[in-house]
Each structure stands twice: as C-alpha cells, then as structure tokens.
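A look at the structure
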Amino acid sequence: MSTGQTDNEIISRVLQGEQNAYAELVNRYQNYVFTLTLRMIKSREDAEEVAQDVFIKAYRYLSDFRGESKFSTWLYTIVNTTCITFLRKKKLEVYSLDNEKVFEMADSQDSGFRANMVEQKSRVNMVNEAIALLSPDDGEIITLFYKAEQNLEEISKILGIETNTVKVRLHRARIRLKEKMENHFSEEIKNIY
Amino acid sequence: MNEQQNIESRLWDYIDGRNSMAEKSTIEKLLESNHEWKTKYHELLEVHQLLKSSELEQPSLRFTKNVMEEISRLYIAPATKTYINKKIIWGIASFFFITILGFLIYGFGQIDWNAKGDNTLPINFNKLDLSKVDLSKIFNNNFVNVFMMVNVLLALVLLDRFLANRRKNFHKEA
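In this report, the structure presented in the accompanying data block is examined. Within any chain, residue numbers begin from 1 and follow the written order of that chain's sequence. Going through the entries in the order they are written, you letter the chains from A and number the ligands from 1. Local features in a predicted model are, by the rule used here, given only for residues with pLDDT of at least 70; side-chain atom pairs are given and counted only at 80 or more, and totals for whole chains, interfaces and linings are based on all residues. Only hydrogens and water are set aside; all other atoms, that is, all heavy atoms of the structure, feed into the side-chain values.

**As for the overall build of chain B**
The criterion, for reference: Secondary structure elements follow DSSP: runs of H or I of four or more residues count as helices, runs of E of two or more count as strands, with numbering from the N terminus. Throughout, exposure labels follow a simple rule: accessible area from a 1.4 Å probe, protein chains only, divided by the maximum for the residue type, with under 20% read as buried, over 50% as exposed, and the rest as partly exposed. Residue contacts are defined here by distance: any two heavy atoms, one from each residue, within 4.5 Å place the two residues in contact. Here the Shrake-Rupley method, with its probe set to 1.4 Å, supplies the accessible areas, and only the displayed protein chains count as covering residues.
From N to C terminus, chain B includes 8 helices and 0 strands. Across the 174 residues in chain B, those meeting the buried criterion constitute 25%. Nonlocal contacts in chain B, meaning residues at least 24 apart in sequence, comprise 58% of its contacts between residues at least 6 apart. With the model as given, the accessible surface of chain B reaches about 13800 Å², and the carbon-plus-sulfur share is 61%.

What follows is the structure, given as structure tokens:
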C-alpha cells in the first residue's frame, strides 16, 4: 500500500534503520525496473533475477544516493550497469547501435514470434512486442524515455553519454521501431493509420 | 542526412517539445501548407502515442518478498564519500606542495644575490667533473632516506587509489 511519501522521505527512513520501508520503494519501481531489464535481457526469468539484484544493490549502496538527481534516475543507472554486467557474464554480445547483427537477431526472433501470432494483437500488445524485437540498446532508450519518464538529460546521466547522442539514439530507435511495426504488424497498423 | 530523415528529425523534436519558438512556428506553418509534412507528422504522432500507451511489464507476485528476504541479511554500506576522505587527498597534495616550496625557498636562500661577478654562472660547467661527484655522500643522509621512503609510500598509496578507481570505473561501465 502506498504511503504517499516521497522517495527521499522513504530513503531517509530506510537509512535510519527502518528496513521495511524499502518495500515501498520496491513496490513503486518494480514494474519500471523489470520492464527495463526485460527490454535488455529478453528472458523473463533472467530479467526478474537481474531486477531483484538491482534492488539489492540499490539497498546496499543507498547511502551513496545524495538526492542530487531523482531516485529513479539513480536506480536506472544501476539497472543499466547491472544488465550490461549480466549480459557480459552470460557471454552474450551487447550489440552496438549500428551493428547489423542486431537486426539479424531480431529478425530470427521475429520468425518464431510471428508463427505464434494467432490472434489479432491489441495496440498495446503490438507496441510492447515491437519494442521487444528491438536491440537491447534501442529497447532500453525507448523504455527510459516513454515509460520510465526520464528526459534526455536524465537518460544521458543513466547511460553515461552526451545528451545529443541520446537524442540521436532515441530518434534512430523510434525509426527502427516504426520499421518493425510496419514490417511485422502491417495488418494492425492499417487499422491505426 | 537525407530530406526524409531531416523531416522526421525535426518532427520528432516538435513532438517532444524540444524546438525553439522560431522552429516551432516554422514547423506549424509547414504542417498547415505541406501535405508531405502533415502526413509524416500524423504518422510519427501515432507512433509517439502508441509508445506512450505501451504498458509496463510486471514481475512475479513474489518479487518484493524475494527482495526483502535478501536485504534482511544485508547492511547498508557506508557512503563512499565517508571512506574516500577529501581531507586525505588535500593532505597529500599539501605535503608535496610544501615540500617543493621548501626546496625552492632553501635553494633561493643559498643564492648570494649580492655577489658581484662577471655575469657568468656560479658553477663553471666546463670544469665540472661528474665522475668525481660522490653520490653516496649525498644519498647517505638519513633525511634523504626518510624523505625517499615517504615518497615511495605516498606513490604506492596513489597507485593503489588509481588502480582502485580504474577497477571501480570498470565495474561501473560493466
């Protein structure tokens, strides 16, 4: 149940020893964190494990949160680094933005995915599934901007890149998402446009 | 960037509200008069709205419980700034600064400013024979030995901090 307290108020309580107050923060951000990890890691099981790890790390280093940025921005920075570490450990390639393999991988996922597409997708499902087909980089940046309510400057802090680079990457990610939707959900899109 | 990409880029900025007033006004005029711009705008706006309407994924119902069980065994680590004390960094810097300053003062103090000479250097480098210089006499001094030891220790501390930072940055990047 939400206490109506701000993140910083809850953090103060946790830092004063009220460990249970941390559950409020977990409840508040679990969907955001899980969505982000899932966009990068793709497997639900692994994404959930990583998301839990993110909250554990955030708790462990909570004293380092100085309140200079939003708690969510700080938390998503941990999401970003934890996901990359996980992907490296799993020896999966973290594909760069311009890597053609991204599209090959996404396309190979598409074929299997499309075979299971028996019923008409709702708009929301369609978007979520199209985002899931994007590369981890693209999926992350789109999720941060649209779902995690982070502006370009905050995303720049999270990803450790220049704001202008964020802008370009977001722009490219949206183009690729649009292409994915046009290529794989053409029937649904006809009903939209 | 081709024409089409340029239009899309400007339209995304417009949709995100990141245009200047002048650019905003230009785009609004283009949207009123240019069919291509208008069509593209509606297309992008639709994607934008769809993205906004996308839903968050939900983890399992046990998620919070799992996290809370894990953290019940943990303690919050002290803030990094408490063990990377800036006073220590300033102390080391001050030590070097004072040492260098001390040597400079001592060096300048040795110079006889009133000495009248023939505008030549006080040391005649032509007559200086480096082979006759006994380095052991200079480095046998206890003060010099202690000074060197302290410097080596400080260098090791700095090297340790440097490597720790590199390790930390590596983990951060990871």
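More follows now that the structure is in view.
**Some thoughts on the pattern of salt bridges**
This is how the line gets drawn: Here, a salt bridge means any Lys or Arg side-chain nitrogen found within 4 Å of an Asp or Glu carboxyl oxygen.
On inspection of all chains with the given rule, the structure shows 20 salt bridges over all chains. Taken together, the shared-partner salt bridges in this structure form one network comprising Lys178 and Glu182 of chain A together with Glu8, Lys40 and Glu43 of chain B.

**Points about the packing of aromatic side chains**
Two measures describe an aromatic ring pair: the distance that separates the ring centres and the angle between the ring planes. Worth spelling out the cut-off: When the centres of two rings from Phe, Tyr and Trp lie within 6.5 Å, Trp using its six-membered ring, the rings pair. Their planes under 30 degrees apart give stacked, over 60 give edge-to-face, and anything left gives tilted. Criterion for a charge above a ring: Arg CZ or Lys NZ at most 6 Å from the ring centre, at most 35 degrees from the ring normal.
Across all of its chains, the model carries 10 aromatic pairs over all chains by this definition. Taking the centre distance of 5.8 Å and the plane angle of 40° together, the rings of Phe71 of chain A and Trp74 of chain A count as tilted. Within this pair, Phe71 of chain A and its partner Trp74 of chain A are both found in helix α4 (residues 71–89), separated by 3 residues, close to a single helical turn. For the pair shown, Phe71 of chain A and Trp74 of chain A are each scored as buried. Counting every residue linked through ring pairs, the aromatic cluster contains Tyr29, Tyr32, Phe65, Phe71 and Trp74 of chain A. Positioned over the ring face of Trp12 of chain B is Arg174 of chain A, at 3.9 Å from the centre of the ring.

**Describing a nonpolar patch on the surface**
Applied cut-off: Each patch is built from salt-bridge-free residues with over 30% relative accessible area, joining like charges within 9 Å and nonpolar side chains (Val, Leu, Ile, Met, Phe, Trp, Tyr) within 5 Å.
Among the surface-exposed residues, Met149, Val152, Leu153, Leu156, Leu159, Phe162 and Leu163 of chain B lie close enough to one another that they form a single nonpolar patch of about 690 Å² accessible area. Mapping Leu156 of chain B onto the fold places it in helix α8 (residues 142–173).

**Describing the packing of helix α3 (residues 44–60) of chain A against α4 of chain A**
All names here are of chain A. Put simply, the rule reads: To define axes, lines are fitted to C-alpha atoms, for helices over the stretch in contact only, and angles between the resulting N-to-C directions are given on a 0 to 180 degree scale. Throughout this description, any angle smaller than 35 degrees is read as roughly parallel, any larger than 145 degrees as roughly antiparallel, any in the 65 to 115 degree range as roughly perpendicular, and the remainder as oblique. Each crossing gets its handedness from the near helix: less than a right angle anticlockwise from the far helix is left-handed, clockwise is right-handed.
α4 packs onto α3 with a crossing angle of 130° between their chain directions and a minimal axis gap of 9 Å. As judged from the angle between their axes, α3 and α4 are oblique. The element α3 and its partner α4 pack so that their crossing is right-handed. When α3 is examined against α4, the residues Asp46, Val50, Asp53, Val54, Phe55, Lys57 and Ala58 are found in contact with a partner set consisting of Trp74, Leu75, Ile78, Val79, Thr82, Cys83 and Phe86.

**Quick word on the interface of chain B and chain A**
By a widely used convention, the size of an interface equals the accessible area lost when the partners come together. What counts here: Put simply, buried area is how much 1.4 Å-probe accessible surface two parts lose in total, over both of them, once they are put together. For this analysis, a polar contact is any N or O atom pair within 3.5 Å, provided that within protein one partner can donate a hydrogen and the other can accept it, and provided that sequence-adjacent residues contribute only side-chain to side-chain pairs. When residue character is reported, Ala, Val, Leu, Ile, Met, Phe, Trp, Tyr, Cys and Pro are called nonpolar, Asp, Glu, Lys and Arg charged, and the others, Gly included, polar.
Facing 43 residues of chain B, the contacting portion of chain A comprises 56 residues. At the boundary of chain B with chain A, total buried surface from both sides reaches about 4500 Å², with 62% on carbon and sulfur atoms. Where chain B packs against chain A, one counts 7 salt bridges. For the salt bridge of Glu8 of chain B with Lys178 of chain A, the shortest nitrogen-to-oxygen distance reads 3.8 Å. Taken together, the connections running from chain B to chain A amount to 17 residue pairs in polar contact (both at pLDDT 80 or more). The element that contributes the greatest number of residues to the side of chain B that touches chain A is helix α3 (residues 35–53) of chain B, accounting for 10 residues. When its residues are assigned to classes, the side of chain B that touches chain A shows 18 nonpolar, 11 polar and 14 charged.

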